[in-house]
Amino acid sequence: MSEFAGAIDFILHERESQTGGTQVGGQQLLPLLWDHLQLTGVSVAVAVAIAVPLALWLGHVGRGELLATSVANVGRAVPSLALIAFFVAYLGVGFTNVTLALVLLAIPPILTNTYVGVRQADRDAVDAARGMGMTGAQIVRRVELPLALPLVMGGIRTSVVNVIATATIAPLAGVATLGDPIIAAGVYGTEGRLGAAILVALLAVAAEALFALLQREVTPRGLSSTRTAKTSRRLKPA
Amino acid sequence: MTSSNTAQAEGPDAYREATTLELRRVSKTYPGSDRPVISDLSLEVGAGEICVLVGPSGCGKTTAMRMVNRMVDMTSGDILVGGRSVRARPAAKLRREIGYVIQQIGLFPHQTIGENVAAVPRLLGWDRRRTEARVDELIALVGLDAELRDRYPAQLSGGQRQRVGVARALASDPPLMLMDEPFGAIDPINRERLQNEFLRLQGRLRKTVVFVTHDIDEAIKMGDKIAVMKVGGVLAQYASPAELLTAPADEFVEDFVGADRALKRLALLRVRDVDLWRAPLVREGEPTAAARARVAESDLPYPLLVDADGRPLGWLSERDLARERVRAPADSGPEPVVDRDAVLRDALADILQAGTQYAPVVDGAGGAVGVLSIDVVGHFLAQGDTTEESPSARAGVDP
């Protein structure tokens, strides 16, 4: 049997582990998949709850450009494995600690995208909104956020894919995700390692597709029609 | 009970009274700069008047306008809307009662035209029925198709978007409107049309309007009063268009209004405002001797042949007068014929275009009431007369 066919077989059918005594593969993957999704969902949700309001505020007052961009760069530069190791070393193992590490990983793309989205929102529309008597909160809610929403969703999409991929190292901190068969090949066998890798990849691709769809869904209708009329809109004299 | 009464006064049926606007020794200096952008500016705008702020770029005209709705905070002085300081209430609340139109329009791209127009009523918490009715009314008022209501701004032309901008600013029927180069980004043909439409609208609504432009011709056309500003936010002259053109306060204003200010005045006058020549009218069948006698009494060398209702048919020549009795047709046609309500500039253009010196002037029924001559116009301008009427009255007769 080729390795690939073996990996597929591992995904579909239970078998005894290499070390004996426990069943792995097939149905036994479901709890790992569930934990993986849960970890991703909680991490991204917390990241959204922190990054979106912060970036909306920074973007609205027009300050913190340096913060928004440097957070993004730092986020990209710090390896997530190091981050998890750091949390394990100082806070110990467990779901909460892994979640915290993944939240830190998820924040930068959301923060940067939201900030840029707000700053890119039609400044004339914002000026008109202020001039007609909207309060700051009303401007954010009715003008800046709707116009930034496609970019916000784009940031979340990037974060979700990153977190799904990175959650594979969670077993090192004591949370059994789909990363477990990849890390513990001694228990799951090489078919198990490849099978789990395939599952994680499929999960990431599915998440990417789902969020691409969502991103299109949240793009305001008037903005999607600007695409055809973009050239004429750019022609306004200064 | 009182609050519902106030709300009713803002409603679609009852137009609110226009308000007065007064700038009292207003100055603005930005922090970190020692040169003021507005220096000790005082202006009074009467209720229902269009006050145009005009001047070269950097003269602070937009800043002055934006201080009225506190988009820019003044450093000293005070601004009174309807006798009440703009600082007497929260900025957002003040702004909801002042219409605001900017050159870039700033429509909300993610909202339909209807939603854009409904923005201020929504802020004011109007119920849905009242808002819907007001939106329909405004879309018709600014001359837009009702079907555009559900379109998005990106699907509209520049002129249509500007009309939506005006409709949105009028939504709560504000007694005061601020307009910052509202037609600046529109092509010349549509700009002229929008200007006329706005003036006609103004004739009905009688808002107090602060209108910013850098274009002196637009200022002369739109303004009841014009404030010419110099760099540094100094008021150079505040006067009616005719005063500005006949008596510029200083060299700066004179330069700014242009060397052709005499010609510009023609746009402010109508044919009926000048002293027309009495026309030597003759009808068919009259003895030519009588026609000659009438010509001798008039300023004109030839008599004008008119029909039974007094409508001009043509100019009689020496050859026509050689006969015993006047016969039609006349040697040359009456063209150009000008209407007594026509703008003097247009009438003069017609005469020059036709290569003649004078033209018969007719009333609404088409009957000849006199003759407009280039000499008369020249003489009239030399007098320095400052006859004028409101811009919206002029726009009402403009084609």
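In the block above lies the structure referred to throughout.
The structure reproduced in this document is the subject of the present report. Everything quoted here is computed from the prediction, not taken from an experiment.

Re the overall build of chain B
Along chain B, the regular secondary structure elements total 17 helices and 16 strands. Its C-alpha atoms put chain B at 85 × 50 × 40 Å along the principal axes. A sequence separation of at least 24 residues applies to 65% of the contacts in chain B between residues at least 6 apart. Here chain B carries 50 positive and 58 negative side-chain charges, and the mean point of each set is 6 Å from the other.

Description of the interface of chain A and chain B
Each partner contributes to the interface: chain A provides 26 residues, whereas chain B provides 27 residues. In total, chain A and chain B occlude about 2,300 Å² of area from one another, counting both sides; carbon and sulfur atoms represent 61% of this. For chain A, the biggest contributors to the area lost against chain B are Arg130, Met132 and Arg142 of chain A; these three give 26% of the whole. One salt bridge in this structure joins Asp127 of chain A and Arg66 of chain B, with 3.2 Å as the shortest N-O distance. Contributions of two or more residues to the side of chain A that touches chain B are made by helix H6 (123-131), helix H7 (136-166), helix H10 (221-224) and helix H11 (226-234) of chain A.

Description of the pattern of salt bridges
Residue and element names in this part refer to chain B. Throughout the structure, instances matching the rule amount to 22 salt bridges over all chains. Of the charged contacts in the structure, one is a salt bridge between Lys221 and Glu192, with a shortest N-O distance of 3.3 Å. Placement of the pair is Lys221 in helix H9 (residues 216-222) and Glu192 in helix H8 (residues 188-205), with a sequence separation of 29 residues. For Lys221, a relative accessible area of 17% translates into the label buried. The exposure class of Glu192 is partly exposed, given its relative accessible area of 40%.

Let's talk about the packing of aromatic side chains
Residue and element names in this part refer to chain A. Under the counting rule described, the total for this entry stands at four aromatic pairs over all chains. Ring centres 6.4 Å apart and planes at 80° place the aromatic pair Phe10 and Tyr188 in the edge-to-face group. Taken together, the residues Phe10 in helix H1 (residues 3-12) and Tyr188 in helix H9 (residues 185-218) connect sequence positions 178 residues apart. Tyr188 shares its class with Phe10; the two are buried.

A closer look at the sheet that holds strand S3 (residues 50-54) of chain B
Residues and elements named next belong to chain B. Spatial ordering of the open sheet is given by S6-S7-S8-S3-S9-S10, a layout of six strands whose pairing is mixed. Each end of this open sheet is capped by a strand with a single partner; those strands are strand S6 (98-102) and strand S10 (234-239). Here the average twist between neighbouring strands, direction ignored, is 15°. Contacts from helix H7 (residues 158-170) reach S6 and strand S7 (176-180) within the one sheet, and its direction differs from that of S6 by about 165°.

Let's talk about the side chain of Asp180 of chain B
All names here are of chain B. Within the secondary structure, Asp180 is located in strand S7. At 5.7 Å, Arg66 is the nearest oppositely charged side chain to Asp180, a buried residue that forms no salt bridge. If near-sequence neighbours (up to four positions away) are discounted, Asp180 is found in contact with Thr62, Met65, Val101, Ile102, Gln103 and Val212.

Some thoughts on the sheet that holds strand S2 (residues 38-45) of chain B
Either a parallel or an antiparallel arrangement is found when strands of a sheet pair, and the pairing is made through backbone hydrogen bonds. Residue and element names in this part refer to chain B. Ordered by their spatial adjacency, four strands build an open sheet running S2-S1-S4-S5, and the pairing between neighbours is antiparallel. Each edge of the sheet is formed by a strand with only one pairing partner; in this case those strands are S2 and strand S5 (84-85). Helix H2 (residues 61-68) contacts strand S1 (21-28), S2 and strand S4 (76-81) of the sheet and is inclined by roughly 120° relative to S1.

Each value, and the rule that gives it
Residues numbered from 1 in each chain as written. Chains lettered and ligands numbered in written order. Predicted model: local features only at pLDDT ≥ 70, side-chain atom pairs only at ≥ 80, totals over all residues. Heavy atoms only, no water. Helix = DSSP H or I, 4+ residues; strand = E, 2+ residues; numbered from the N terminus. Contact = heavy atoms within 4.5 Å. Lys, Arg positive; Asp, Glu negative; His and termini not counted. Charge placed at Lys NZ, Arg CZ, Asp CG, Glu CD. Buried area = accessible area lost by both parts, 1.4 Å probe. Salt bridge = Lys/Arg side-chain N within 4 Å of Asp/Glu carboxyl O. Buried < 20%, exposed > 50% of the residue type's maximum accessible area, 1.4 Å probe, protein only. Phe/Tyr/Trp six-rings, centres within 6.5 Å; stacked < 30°, edge-to-face > 60°. Pairing = 2+ DSSP bridges. Axes fitted to C-alpha atoms, helices over the stretch in contact; angles between N-to-C directions.

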